[in-house]
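# Structural overview
The residues making up each chain are set out below.
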10 protein chains.
Amino acid sequence: MEWLVRTHNRLPADTPAAERERLRAAERGRAMELRAEGVLRKLWRTPGSTGTVALYECRDATHLHDVLSSLPVFPWLEVSVEPLATHPQEAHAAALAAAHGSHDHSEGYDDQPV
Amino acid sequence: MEWLVRTHNRLPADTPAAERERLRAAERGRAMELRAEGVLRKLWRTPGSTGTVALYECRDATHLHDVLSSLPVFPWLEVSVEPLATHPQEAHAAALAAAHGSHDHSEGYDDQPV
Amino acid sequence: MEWLVRTHNRLPADTPAAERERLRAAERGRAMELRAEGVLRKLWRTPGSTGTVALYECRDATHLHDVLSSLPVFPWLEVSVEPLATHPQEAHAAALAAAHGSHDHSEGYDDQPV
Amino acid sequence: MEWLVRTHNRLPADTPAAERERLRAAERGRAMELRAEGVLRKLWRTPGSTGTVALYECRDATHLHDVLSSLPVFPWLEVSVEPLATHPQEAHAAALAAAHGSHDHSEGYDDQPV
Amino acid sequence: MEWLVRTHNRLPADTPAAERERLRAAERGRAMELRAEGVLRKLWRTPGSTGTVALYECRDATHLHDVLSSLPVFPWLEVSVEPLATHPQEAHAAALAAAHGSHDHSEGYDDQPV
Amino acid sequence: MEWLVRTHNRLPADTPAAERERLRAAERGRAMELRAEGVLRKLWRTPGSTGTVALYECRDATHLHDVLSSLPVFPWLEVSVEPLATHPQEAHAAALAAAHGSHDHSEGYDDQPV
Amino acid sequence: MEWLVRTHNRLPADTPAAERERLRAAERGRAMELRAEGVLRKLWRTPGSTGTVALYECRDATHLHDVLSSLPVFPWLEVSVEPLATHPQEAHAAALAAAHGSHDHSEGYDDQPV
Amino acid sequence: MEWLVRTHNRLPADTPAAERERLRAAERGRAMELRAEGVLRKLWRTPGSTGTVALYECRDATHLHDVLSSLPVFPWLEVSVEPLATHPQEAHAAALAAAHGSHDHSEGYDDQPV
Amino acid sequence: MEWLVRTHNRLPADTPAAERERLRAAERGRAMELRAEGVLRKLWRTPGSTGTVALYECRDATHLHDVLSSLPVFPWLEVSVEPLATHPQEAHAAALAAAHGSHDHSEGYDDQPV
Amino acid sequence: MEWLVRTHNRLPADTPAAERERLRAAERGRAMELRAEGVLRKLWRTPGSTGTVALYECRDATHLHDVLSSLPVFPWLEVSVEPLATHPQEAHAAALAAAHGSHDHSEGYDDQPV
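Calculation criteria
- Numbers given to residues run from 1 along each chain, matching the order in which its sequence is written.
- Each chain gets a letter, beginning with A, and each ligand a number, beginning with 1, in the order they are written.
- It should be noted that, the model being predicted, local features are given only for residues of pLDDT at least 70 and side-chain atom pairs only at 80 or more, the latter also being counted only at that level, while totals for whole chains, interfaces and linings use all residues.
- The side-chain values count all of the structure's non-hydrogen atoms but skip hydrogen atoms and water molecules.
- Helical segments are the DSSP runs of H or I of at least four residues, strand segments are the runs of E of at least two, and each set is numbered from the N terminus.
- Think of it in three bands: residues with accessible area under 20% of the maximum for their type are buried, residues over 50% are exposed, and the middle band is partly exposed, with areas taken using a 1.4 Å probe on protein chains only.
- The contact criterion used is simple: two residues touch if any of their non-hydrogen atoms lie within 4.5 Å.
- We superpose the copies by least squares over the C-alpha atoms of residues that have a pLDDT of at least 70 in both of them.
- When two components associate, each loses some accessible surface as probed by a 1.4 Å sphere; the sum of these losses over both components is called the buried area.
- Each salt bridge in this description consists of a side-chain nitrogen of Lys or Arg and a carboxyl oxygen of Asp or Glu lying within 4 Å of one another.
- Any pair of nitrogen or oxygen atoms within 3.5 Å is treated as a polar contact; in protein, a donor-acceptor pairing is required on top of that, and neighbouring residues in sequence qualify only through side-chain atoms on both sides.
- At least two DSSP bridges between two strands are needed for those strands to be called paired.
- All axes are obtained by fitting lines to C-alpha atoms, using only the stretch in contact for helices, and the reported angles, taken between N-to-C directions, cover 0 to 180 degrees.

### Quick word on the overall build of chain A
Looking only at helices and strands, chain A features three helices and four strands. Going from the N terminus to the C terminus, chain A shows its helices and strands as β-α-β-β-α-β-α. Within chain A, the proportion of its 114 residues that are buried is 51%. At a minimum sequence separation of 6, the contacts of chain A that also span at least 24 residues come to 61%.

This is how it looks when you write it as structure tokens:
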């Protein structure tokens, strides 16, 4: 199931640089693990802020909570999650693309490794 | 440039079924054109509502406005757009995946047809 | 997966009584079907309004959307859904109750027919 | 009377681990007492946050306040309570289930120990 | 149990005067019944609007809903209810007043001089 | 003139217990004075929070401000005030009650049984 | 007692011009009466809207409600009222001005032509 | 040009009394200067809070900003400004008053000493 | 003085095309007049909506109101205005540019025709 | 592409003056660089606050984020960005001005000195 997850990082501005860098590295490491598992699908920045918008693939809300609370900066994160329902057009578009043997730019999400 | 576009369809509940179906077919047709152009990348439904969340790829806000105002149901749509900035982790993840020759599930968006 | 679903019924106040009654009966019929399927678990009223709060059990957001959009009054409903994650205390409480052979009042949700 | 109670835990992120653990254990202990009394009926987590959604059974608002203010982390909790009115469908569903001798999955709440 | 109930009357401005008057008389009649039952305790106007703030005494949220939905203008009312918990000071004040045989002004709004 | 006054107590959670108790006692003392003057008419708790809802009788906004700013915890209070206009039904109800010599339950909140 | 009163005029845009003009003339007439009574002290426009901000002098909220509900366009007005408490600086400024025999520009409200 | 300026004073509650008094005296001094210049026309208190509502006369937004940022407590003030447009009724009322030689209570703002 | 003006056009979706076109042409005509007067400086579209953001140069709020209320679609516009204060950096930048004889891209607003 | 960027500076009020001045100078220096690059086009102050409204020219959201996060006070800034779409009237106005050889005050942004 797909989720849109929005975060704001409230790590105090006066956090020592070393600690900030340690957390950033740990955060990146954990994110790479989640990407490898196919859980973290895409990550964007909200321009002008420490916020992010991300797309996650998780079985359900309990799985999603376990994933998010495993992030090193979780104690300082303000998080809101939004469940996404599949739109019938997606199935229709994928079928069309398959029929035309063409590559549907929107496949991205369910792009099976060739 | 990537955009997160949220819509709520305010087409009155008492719109005649035939007109509603005409608009739905026209909307689907236009959406397929935008997919073929690589402009509409992904479309989800907000569960329990006539709302949608979509990912668009448009040069800038003017291009995005022209695209959205070309949708047949535009006069009844309440739309909010959110610009998305690329997160440095994406580049990092893509590089890692390329190095490992593995398929990065998150490539979806910059997935070039093989 | 469990969902908290909140609705406000915007059926116009001047809707003819017969039509209102037809919709109410159809709504109740559909609700009974959903209860039998174990999808609609509990339904409350928001005191003083036409709103309801309900607990649903659905596989994911797509299943939930299909269920909600099957309700006869869906075109007039304002709906907001909230995904619920299992709290570790629930598992702990169920285990304690089983150990004491006592009946845990809170089992309600995962109460298997004896 | 049933209440939907929403909490956000504002315990500062830099609270010493030992104190955090002490409070967590005390909180769990108190919760078990409230379950045994049939006051705390069900507890969920809001995915991605330290928030919870819970269902309480309390005589009135005064009883509910006494219960909530007895929680060890109460001084750091942001709480909102929502009174729930019984929906006539619940009575109807229970009657149907009794008539068919079948188990109504939605009984959960008024499930008498067998 | 005491409730603070806030209403906004959305009866369309172009409702015929006769119908408006019929509803007003029916509303006043019903209110008098509720006062006689000790359910409606006090009613104020929100200055400058068709809104009211009222104090109700009802067993629980279900009783309160039945009372509010019995009001003739209920289909056009926007209602929000707020449960009120007894403050320990009230008991303390009543005890002091009894002990001093004096009359505690806070007992009644239009407390008749003994 | 009657006022509905809502407060949230933002006294920091880590305030020493002795200071908290001193303030509580001073607050109660001041409240009793205001009750004796007929200024503080009724006080409730917002269930689950340190908030209160109260009914005050003050000549005007200036008098109300002087009263509220005289409360010992005023520096930590978030206050919102709502002016209440007399509803014509109240006069009507009082007249009816007087005519019937009966006791109008709405006269006092804790109307002592005759 | 002074009040800041904010209004938004929701008279439908397609109201016949003659009716709109009738209401405007009636509104102005009523306003002049209220000025003569010293009730309406000052009236401004919210730039770019049909809204107004006004300063009223009324005994209490009940008097204010009677005044506002006497305005011809009241059925289409969205009104919010804000009670204003006298600031101690005003008294101080008036005293200073009197002592210096000078004209205190801020006297505006109670300015008697010298 | 007239402005409605709303402030909330966020000076921390635990600010030493001496510093608080120094700031209060400096604030009053500056306010008196602004009154003498005809810039600060009227000042009210928001009942129950440290907030104020004031009427300023400033050439434009830049002049207003310079004035507000010159207030000693400016670093702790949360300020919102609202531009006010002259209402045609004011001119009409002033003309009427002049014609009748009577005193228009509402002249306050543009009252030129005769 | 500079103003940021935000509008949302609430012209009903079912307005006849001819009337919509008449209003659009009248609106454009009026806008050109305002540009020639140096009042309308810049106009943008809010992407995905019928809203606009514009920069106006008007003496004060009264002048701004007269300008906005002269727009043909004013009766259907929801407008919010924001006064802008000159930032000291602008003067600094203009001085620097003049000293270097270079063209300061940001001069745009106070660009006098050479 | 043009962006409207709104900032609120949350630098704590008790920041040492020297540090505040260092940041202010660094901020001005960076702003001048961005002006020279044609990225920062115009900067205003929100009257009465430490907030600013600015107009930026950036390729896309990623470029805009890099620019904003390069500002020395970025860690203390609350930022919201708004993408602006070109309005067809602008092109129309520019064409008219060119045809009449006159100077269109609104050219501001793309004003090449004649």
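Now that the structure has been shown, the text picks up again.
### Some words on the relation of the copies chain E and chain F
Placing chain E over chain F gives an RMSD of 0.0 Å and needs a rotation angle of 180 degrees, together with 0.0 Å of translation along the axis. Accordingly, the operation relating the two chain copies is best matched by a two-fold axis. The share of interface residues of chain E whose copies in chain F are also at the interface is 100%, consistent with both copies meeting through the same surface.

### Here's the deal with the interface of chain E and chain F
Each side of the interface is counted separately: chain E has 41 residues, and chain F has 41 residues. Summing the contributions of chain E and of chain F, the shared interface buries around 4,100 Å²; its carbon and sulfur component is 52%. Our count for the chain E to chain F interface comes out at four salt bridges. With a shortest N-O distance of 2.6 Å, Arg35(F) and Glu90(E) are connected by a salt bridge. At the junction of chain E and chain F, the tally comes to ten residue pairs in polar contact (both at pLDDT 80 or more).

### Observations concerning the sheet that holds strand β3 (residues 52–57) of chain J
Pairing within the closed barrel is antiparallel, and its eight strands lie in the order β1(I)-β3(I)-β2(I)-β4(J)-β1(J)-β3(J)-β2(J)-β4(I). Going across the sheet, the axis of each strand differs from the next one's by a mean of 35 degrees, ignoring polarity. Here eight bridges tie strand β1 (residues 2–9) of chain I to strand β4 (residues 77–86) of chain I, and the two strands are oriented antiparallel to one another. Across the sheet, residue His8(I) finds its bridge partner in β4(I), namely Glu78(I). Sitting on the sheet, helix α2 (residues 61–68) of chain H is in contact with β4 of chain I together with β2 (40–45) of chain J, with an inclination near 60 degrees to β4(I). Where helix α1 (residues 17–36) of chain J meets the sheet, its contacts fall on β2 and β3 of chain J, and the angle it forms with β2(J) comes to roughly 135 degrees.

### What to know about the pairing of strand β2 (residues 40–45) of chain B
With respect to burial, β2(B) is a largely interior element, five of its six residues being buried. Looking at chain direction, strand β4 (residues 77–86) of chain A and β2(B) are connected through two bridges and run antiparallel. Within the sheet, the bridge partner assigned to Thr86(A) lies in β2(B) and is Trp44(B). Of the strand pairs in this sheet, β2(B) and strand β3 (residues 52–57) of chain B are connected by five bridges, and their pairing is antiparallel. Bridge assignment links Leu40(B) to a residue of β3(B), and that residue is Tyr56(B). The antiparallel pairing of β2(B) with β3(B) creates a hairpin that spans six residues between the two strands, and Gly48(B) there sits at a positive phi of about 85 degrees.

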